[in-house]
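Read off the chains here:
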Amino acid sequence: MRALQRFILFTGLILCLIGPWQAGVQAASSPHNKTIRLATTTSTENSGLLHALLPRFQADTGYEVHVISAGTGKALRMGQDGDVDVVLVHAPAAENKFIAAGYGERRYPVMYNDFVILGPATDPANIAKAASAADALARIAKRSAVFVSRGDDSGTHKKERGLWHTAKLKPVGSWYREAGQGMGKVIQMADELQAYTLADRGTWIAYSNKTQLKIVFQGDSVLHNPYGIIAVNPKRFPEVNHAGALALIKWMTSETGQKRIADFRIAGFTLFTPSAHQLSELGIGK
Amino acid sequence: MEHLFSATQTALGLLVSGNAELWAIIGISFRVSTTAILIAVLPAVLTAFVLSYARFTGRRLLISLFNTLLSIPAVVIGLSCYVLLSRQGPLGDLHLLFTQTAMVIGQVALCFPMLVAMGHSTFQAADKRAWETARTLGASPLYALLTVMHEVRFGLIAALLAGFGRIIAEVGASMMLGGNILHYTRNIPTAIALETSKGEFAQGIALGMVLLVMAFVLNSSLHYFQGKGQIVG
């Protein structure tokens with residue numbers, strides 16, 4: 001009979017554990033259309049920006065936002081498969097392609113910052129004196145100074161490849177390390193390797209007190225880094241939460257959202273500059 | 001070294017102060033993995049039993065297959081489930097990707113082969129007469145099965161622990177299938193991966209310690225059920 005007793009005990013245990021799990025699932029997923037899935041880049045998540053924005057949005061509208069952060073390439077891929085409702089990314093060329101192919105509805109500018117080239121304070125390749133960002137990379141290549149690339153098809157990686165293209169160089173060799181990781185990890189790796197890397201200013205500010213790296217090159221206009229938000233096209237994927245996606249876009253580009261973005265600071269530095277007003281300037285309807 | 005020391009110190013502080021976010025992550029981890037192992041355990045034990053006691057063609061092939069599945073990286077299981085569950089995939093209509101259910105599915109797929117493989121070797125080592133005797137004495141097949149299971153309970157518990165150990169500490173499949181969504185699918189391993197990438201080592205270490213403590217408590221309590229861990233004469 002002891003076996004039977006234990007069997008009953010065991011079954012009871014199962015029920016006790018499944019009960020709260022079920023409750024957890026229901027609490028999180030119902031009502032169904034109140035959940036928005038946002039695919040975004042590691043830079044907005046790792047810097048803490050979304051953590052500062054979303055609770056307010058959720059309180060304002062009652063929506064719950066599930067954030068899935070990956071590189072821009074993967075984030076767009078999730079949108080392309082209809083696995084998310086809205087994407088917040090930073091690679092205008094890829095975004096336009098995404099919309100042209102009918103996966104996304106329309107791109108709304110949200111904010112911008114810029115890219116910077118980080119490196120050891122000693123700046124062995126002397127890129128502080130470079131005439132342009134492409135020249136800076138050319139100097140790194142010429143010196144074969146170690147450079148850590150994101151290598152993950154993210155917005156930052158796309159920008160970096162564009163710069164190599166401008167410099168008419170193919171980065172190959174043991175000095176060029178493709179990490180295949182997020183921005184934060186790559187900054188850490190560059191720090192450990194005393195290497196150069198390209199980073200967005202937002203993530204850099206968030207990490208600056210954790211590394212010995214310095215900004216060694218900045219200010220070239222090609223390093224402009226605009227972020228856009230795009231709702232996944234409901235005509236293509238009727239099941240996406242389009243109303244939720246629009247609510248999030250509306251809020252992000254509203255005065256409240258834009259002010260929150262402008263107010264988001266780390267150690268006194270502004271990480272992102274709001275840019276939704278460009279909508280009206282460009283004459284694109286709200 | 002000082003860096004590691006201060007990170008550990010902060011980690012302990014976070015745990016003791018009952019940091020809500022940290023404990024929410026711990027709760028999700030425990031809930032998902034416990035659900036997964038509970039779903040997997042009965043079918044797995046039955047499969048293991050059938051593989052040990054029944055005679056049919058293809059049995060050896062099946063055993064090799066389950067043993068092979070043990071070496072599949074969790075990321076590959078994650079990717080396979082991802083492709084199945086994506087809206088573009090065959091099970092896309094269920095809308096399961098990036099939910100706790102998806103994580104449970106991935107973890108069931110991960111621990112099932114382990115439970116079967118270990119359960120099978122456990123049953124194999126058992127005395128076959130237990131089954132025969134129980135049947136001869138008029139026990140129903142179910143009751144006879146329970147008798148055999150009781151005979152080999154230590155081995156089965158060991159299999160359960162190994163299976164649980166694999167999924168509670170697994171990051172690849174959980175990251176892919178759950179999406180590491182805060183308060184929803186962020187569990188201990190994916191949180192450690194995230195905190196590490198953010199350079200927040202203290203949080204990462206705190207979570208790592210929780211994992212260790214959880215494993216220890218679980219092992220100790222099952223050890224208690226097992227008796228003194230010695231061969232009894």
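From a predicted model like this one, the values you see are computed outputs, not experimental measurements.

Novice: What should I look at first to understand the overall build of chain A in this one?
Specialist: A tally of helices and strands in chain A yields 12 helices and 12 strands. Put simply, chain A has 286 residues, and 52% of those count as buried. Carbon and sulfur atoms form 55% of the exposed surface of chain A, whose accessible area is close to 13000 Å².

Novice: Even after reading the chapter, I still don't get the confidence of the model for chain B, so can you show me in this structure?
Specialist: Residues at a pLDDT of 70 or more form 95% of chain B, whose mean pLDDT is 88. Taken together, the chains of this predicted complex give a pTM of 0.78 and an interface ipTM of 0.71.

Novice: What's the story with the pattern of salt bridges in this structure? I'm lost.
Specialist: One side chain can pair with another of opposite charge once the charged atoms of both are near each other. All names here are of chain A. Summed over the entire model, instances satisfying the criterion amount to 11 salt bridges over all chains. A salt bridge links Glu-95 to Arg-107; the shortest N-O distance between them is 2.3 Å. Remark: Arg-107 occurs in strand β4 (residues 104-119) and Glu-95 occurs in helix α5 (residues 92-100); sequence separation between them is 12 residues. Side by side, Glu-95 and Arg-107 carry an identical accessibility label, which is buried. Linking Asp-153 and Arg-161 is a salt bridge whose minimum nitrogen-to-oxygen distance equals 3.1 Å. Assessed through its relative accessible area of 31%, Asp-153 is described here as partly exposed. Beyond isolated ion pairs, a larger network of salt bridges with shared partners links Asp-153, Lys-158 and Arg-161.

Novice: Even after reading the chapter, I still don't get helix α10 (residues 242-252) of chain A, so can you show me in this structure?
Specialist: Of the positions making up α10(A), those classed as buried are A:His242, A:Gly244, A:Ala245, A:Leu248, A:Ile249, A:Trp251 and A:Met252. The inward-facing, buried residues of α10(A) contact β1 (35-41), α3 (49-61), β3 (86-89), β4, β9 (224-232) and α11 (255-263) of chain A.

Novice: Help me out: how do you make sense of the domain arrangement of chain A in this one?
Specialist: How big an interface is tends to be stated in terms of accessible area lost as the parts join. Residues and elements named next belong to chain A. Each assigned domain of chain A is listed with its residue range as follows: domain 1 (34-113 + 226-281) and domain 2 (114-223). The C-alpha-based centres of domain 1 and domain 2 are spaced at 26 Å. Contacts between domain 1 and domain 2 engage 17 residues on the former and 19 residues on the latter. The junction of domain 1 with domain 2 conceals about 1200 Å² of combined surface from both sides, 62% of it contributed by carbon and sulfur atoms. On the domain 1 side of the contact with domain 2, Asn-46, His-90 and Asn-113 bury the most area, a combined 36% of that side's loss. Seen at the junction of domain 1 and domain 2, the total is zero salt bridges.

Novice: Please clarify how the interface of chain B and chain A should be interpreted in this entry.
Specialist: Taken together, the contact pairs 35 residues of chain B with 31 residues of chain A. Taken over both partners, the interface formed by chain B and chain A buries close to 3100 Å², and the fraction arising from carbon and sulfur atoms is 59%. Summed over the shared surface of chain B and chain A, the result is one salt bridge. Among the ionic pairs, B:Arg186 bridges to A:Glu45, the shortest N-O distance being 3.1 Å. Linking chain B to chain A there are 11 residue pairs in polar contact (both at pLDDT 80 or more). For the side of chain B that touches chain A, the secondary structure elements donating two or more residues are α2 (20-53), α5 (100-125) and α10 (188-198) of chain B.

Novice: Before we go on, may I ask you to explain the packing of helix α4 (residues 74-85) of chain B against α5(B) in this structure?
Specialist: The description of two helices packed together rests on the angle between their axes and the distance between the axes. Residues and elements named next belong to chain B. Where α4 meets α5, the closest approach of the two axes is 10 Å, and the angle between their N-to-C directions is 135 degrees. Put simply, α4 runs oblique to α5. Between α4 and α5 the crossing geometry is right-handed. Contacts between α4 and α5 pair Ala-74, Ile-77, Cys-81 and Leu-85 from the former with Ala-102, Ile-105, Gly-106, Ala-109 and Leu-110 from the latter. Across the contact of α4 with α5, the residue classes tally to eight nonpolar, one polar and no charged.

What counts, and at which threshold
- Residues numbered from 1 in each chain as written.
- Chains lettered and ligands numbered in written order.
- Predicted model: local features only at pLDDT ≥ 70, side-chain atom pairs only at ≥ 80, totals over all residues.
- Heavy atoms only, no water.
- Helix = DSSP H or I, 4+ residues; strand = E, 2+ residues; numbered from the N terminus.
- Buried < 20%, exposed > 50% of the residue type's maximum accessible area, 1.4 Å probe, protein only.
- Areas by Shrake-Rupley, 256 points an atom, 1.4 Å probe, with all protein chains shown as cover.
- pLDDT = per-residue confidence, 0-100.
- Salt bridge = Lys/Arg side-chain N within 4 Å of Asp/Glu carboxyl O.
- Contact = heavy atoms within 4.5 Å.
- Domains from an automatic or database assignment.
- Buried area = accessible area lost by both parts, 1.4 Å probe.
- Polar contact = N/O pair within 3.5 Å; in protein donor to acceptor, adjacent residues only side chain to side chain.
- Axes fitted to C-alpha atoms, helices over the stretch in contact; angles between N-to-C directions.
- Parallel < 35°, antiparallel > 145°, perpendicular 65-115°, else oblique.
- Left-handed = near helix turned anticlockwise from the far one by under 90°.
- Nonpolar A, V, L, I, M, F, W, Y, C, P; charged D, E, K, R; others polar.

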